[in-house]
Amino acid sequence: MPYDLGATARLTADCRDAGGAPATAATAAVTVTLPDGTTATPAASETVTPGRYQADYVTTAPGRHTVRWVFTGPAHAYTDVLDVQDTEPVAVLSLADAKAHLNLTSANDDAEVRFWNATATRGVEALIGPVTPRTVAEDHHFGRATVLVLRKVPALQLLAVAPLLDTGPSYAVDGLLLDGSTGAVYRRDGGMLHGPQRFTYRAGRTVIGEHITAAARIILDHLWRTQRPSRGGLAGGGEDFSVTEPVPGYGYAIPNRALQLLEQDRLPPGVA
């Protein structure tokens, strides 16, 4: 499961001999490669279980990390990955709300609930755009245009526009007009925009309607049921649709009830 930025990730690996049996190594080293290509080498040590090694790494950057273990005496190697979440939360539901909807009270499944809660959020946002406000930076490669359309809507606020080329023009955000519902950006004086430009803006919703949180609960409930069939069906009982029967155009992940709740906010075709 992804780690929060700043949390300590406990890395583990088993050293094995040529026959596959656990073995105490003469040396054990672990290298963590960060998303930007830099590396860290936390100290590794053998645990009370012979052949099992661990190292604690304090996360410092969001994104995908590669973890590489190398042992000698015997020679053995192991490669893994870990993911670190950004500091801006993206889940529609809080952990408490998600657990309450799934009728969970203990903390044993918190990591998995957070994972599926974030996944349910992605399902919602694929249909209606960003929900939780976040900062977006987009590069737009164009020659000139009277209007530039941002890719994430609703757009809340234009923060900065910067040319990608040294010779490109600069635009002050107070000289631009943003249509948040469509993402369209115009010059207030009616002139042309000249690219390429990097647009930095805030996207999402400051007020999240109950129909959106209800849809997130339905999707979360459905995804949780597909992973934990022994824990019962929908939290409210009954059926939505069989997980073996896909919704046309959406496969098996998005129940019809969630689609219907989100219909009023659905993105137009071609907008993602």
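Described in the following lines is the structure provided in the data block.

What counts and what doesn't
- Residues numbered from 1 in each chain as written.
- Predicted model: local features only at pLDDT ≥ 70, side-chain atom pairs only at ≥ 80, totals over all residues.
- Heavy atoms only, no water.
- Helix = DSSP H or I, 4+ residues; strand = E, 2+ residues; numbered from the N terminus.
- Buried < 20%, exposed > 50% of the residue type's maximum accessible area, 1.4 Å probe, protein only.
- Contact = heavy atoms within 4.5 Å.
- Areas by Shrake-Rupley, 256 points an atom, 1.4 Å probe, with all protein chains shown as cover.
- Core = buried A, V, L, I, M, F, W, Y, C linked by side-chain atoms within 4.5 Å.
- Salt bridge = Lys/Arg side-chain N within 4 Å of Asp/Glu carboxyl O.
- Polar contact = N/O pair within 3.5 Å; in protein donor to acceptor, adjacent residues only side chain to side chain.
- Pairing = 2+ DSSP bridges.
- Expected span 1.5 Å × (residues − 1).

## A few points about the overall build of the protein chain
Along the protein chain, the regular secondary structure elements total four helices and 15 strands. Within the protein chain, the proportion of its 272 residues that are buried is 36%. Partitioning the contacts of the protein chain with sequence separation of at least 6, the portion at a separation of at least 24 is 66%. When the accessible surface of the protein chain is summed, it comes to about 14500 Å², and 53% of that surface belongs to carbon and sulfur atoms.

## Here's the deal with the nonpolar core
Counting residues in hydrophobic clusters, the biggest one holds 24 residues, and the most contacted among them are Val-124, Ile-128, Ile-212, Ile-219, Leu-220 and Leu-262. Looking at this core, the element that brings in the most residues is helix 3 (residues 210-227), giving eight residues. Setting aside its immediate chain neighbours within four residues, Leu-262 contacts Val-124, Leu-127, Ile-128, His-211, Ile-212 and Ala-215.

## Some details on the pattern of salt bridges
With the rule as written, the count across this model stands at 12 salt bridges. Here Arg-52 ties to Asp-14 by a salt bridge, and the two come within 2.4 Å at their closest N and O atoms. Placement of the pair is Arg-52 in strand 5 (residues 52-58) and Asp-14 in strand 1 (residues 8-14), with a sequence separation of 38 residues. Given a relative accessible area of 37%, Arg-52 falls into the partly exposed group. Taking the relative accessible area as the measure of exposure, Asp-14 reaches 22% and is therefore partly exposed. In this structure, Glu-263 engages Arg-266 in a salt bridge whose closest nitrogen and oxygen atoms are separated by 3.1 Å. On the basis of relative accessibility, which here comes to 46%, the residue Glu-263 falls in the partly exposed class.

## Regarding the environment of Tyr-201
Mapped onto the fold, Tyr-201 is located in strand 15 (residues 197-203). Taking the C-alpha atoms as reference, Tyr-201 lies 9.0 Å from Leu-150; in sequence the two are 51 residues apart. Once residues lying within four places of it in the same chain are set aside, the contact partners of Tyr-201 are Arg-134, Thr-135, Val-136, Glu-138, Leu-150, Arg-151, Lys-152, Ala-155, Gln-157, Leu-158 and Leu-159. Within polar-contact distance, the side chain of Tyr-201 engages the side chain of Glu-138 at 2.6 Å.

## Considering unusual backbone geometry
Trans is the prevailing form of peptide bonds, just as negative phi is the prevailing case for residues other than glycine. Going from Gly-73 to Pro-74, the amide bond is cis rather than trans, its omega being 10°. With a phi close to 60°, Asn-103 is a non-glycine residue in the positive phi region. You can see Asn-103 is positioned in the loop between helix 1 (95-101) and helix 2 (110-128).

## A closer look at the sheet that holds strand 3 (residues 39-40)
Spatially, 3-2-6-7 is the arrangement adopted by the four strands of the open sheet, whose pairing is antiparallel. The sheet is open, and its two edges are formed by strand 3 and strand 7 (76-84), each paired on a single side. Sheet analysis places strand 6 (residues 63-72) next to strand 7, joined by nine bridges and oriented antiparallel. Each bridged residue has a counterpart across the sheet, and for Phe-71 the counterpart in strand 7 is His-76.

## A look at the sheet that holds strand 1
Read across the sheet, three strands follow the order 1-5-4 without closing on themselves; strand pairing throughout is antiparallel. Both edges of this open sheet fall to strand 1 and strand 4 (45-46), since each of them pairs with a single strand only. Here strand 1 runs beside strand 5; their pairing, made up of seven bridges, is antiparallel. In the strand pairing of strand 5, Leu-11 is matched with Ala-55.

## What about the environment of Val-173?
Relative to the helices and strands, Val-173 is located in the loop between strand 11 (155-163) and strand 12 (176-179). The partly exposed category is assigned to Val-173, whose relative accessible area is 31%. Considered as a pair, Val-173 and Arg-188 are 15 residues apart in the sequence and their alpha carbons are 10.0 Å apart. Setting aside residues no more than four positions away along its own chain, Val-173 makes contact with Leu-158, Leu-159, Ala-160 and Val-161.

## Describing helix 2
Taking 1.5 Å per residue as the helical rise, helix 2 with its 19 residues ought to reach 27 Å, and the 27 Å between its terminal C-alpha atoms agrees with that figure. Those residues of helix 2 that sit buried are Asp-110, Glu-112, Val-113, Trp-116, Asn-117, Ala-120, Thr-121, Gly-123, Val-124, Glu-125, Leu-127 and Ile-128. Positive phi appears at Gly-129, one or two residues downstream of helix 2, with a value of about 90°.

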